[in-house]
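So the chains spell out like this:
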Amino acid sequence: ARMEMAQVSLGALFKEDQKKADEFFDFLNKSAKESFFAQKDFYTSGKMFAAMSKDLKTLEYATKLSERLGASNMDQGMEGAAYAMREMLSGDFVSLQERFNMSRADIKKYIKDQTTVEGKLRGLDQLLTKMGYSQEYVNKVNDTAYAKWLKLGDTAKLKLAEMGKAALEKAKPALDKLALLLES
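So, how was this worked out
- Residues numbered from 1 in each chain as written.
- Predicted model: local features only at pLDDT ≥ 70, side-chain atom pairs only at ≥ 80, totals over all residues.
- Heavy atoms only, no water.
- Salt bridge = Lys/Arg side-chain N within 4 Å of Asp/Glu carboxyl O.
- Helix = DSSP H or I, 4+ residues; strand = E, 2+ residues; numbered from the N terminus.
- Buried < 20%, exposed > 50% of the residue type's maximum accessible area, 1.4 Å probe, protein only.
- Contact = heavy atoms within 4.5 Å.
- Core = buried A, V, L, I, M, F, W, Y, C linked by side-chain atoms within 4.5 Å.

What follows deals with the pattern of salt bridges. Side chains carrying opposite charge are able to pair once their charged atoms draw close together. Summed over the entire model, instances satisfying the criterion amount to six salt bridges. A salt bridge links Arg68 to Asp125; the nearest nitrogen and oxygen atoms lie 2.7 Å apart. Here Arg68, found in helix α4 (residues 56–72), pairs with Asp125, found in helix α8 (residues 117–131); they are 57 residues apart in sequence, far enough to count as distant. Classification of Asp125 as buried rests on a relative accessible area of 18%. Between Lys148 and Asp143 there is a salt bridge; the shortest N-O distance is 3.1 Å. Owing to a relative accessible area of 52%, Asp143 belongs among the exposed residues under this scheme.

What follows is the structure, encoded as structure tokens:
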């Protein structure tokens, strides 16, 4: 049920372009399957970025960067990373400094003078790489026992959700009838 709600909520941000919303939703699901971060983390992050852009390449790039940034500080995770990045894209760098220990000098060098969303994302990408938080770092983290344990739990939840989706679809008419009965 939550997966369905997440898809409907994300679809609303894309308004009339449901095909694009579905493509992004599929990207988020695929990314979650490959990461130690949960599906919920990718939905939350993706939804924050979808409120700012509808370009799939930009959304995918921002989401992957939020995974890397979140992996640099597990206490903040992807949600904290997406929040800091959304602030960064509007010109506020406080969360990058305070939540992710990025220096003012590095932010100025790599991000601050960039004028486009893509430029700021590229600057963040370069800064994360300089700090050692590359995609290779995320791949190594994904290969740890702890990450595999987290992934096992998330995969089990995803499979149960997939199995439950069919049951929920079949239950919708009965739920509608029950609602009508209660309303009368």
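Attention now goes to the side chain of Ser45. Among the secondary structure elements, Ser45 is positioned in helix α3 (residues 39–50). Once you skip the residues sitting within four places of it in the chain, Ser45 turns out to touch Ser66, Met78 and Ala82.

On to the nonpolar core. In terms of nonpolar packing, the biggest core is built from 44 residues, with Phe24, Leu96 and Ile111 touching the most fellow members. In this structure, Ile111 is in contact with Met88, Phe93, Leu96, Asp106, Lys120, Gly123, Leu124 and Leu127, ignoring residues within four places of it in sequence.

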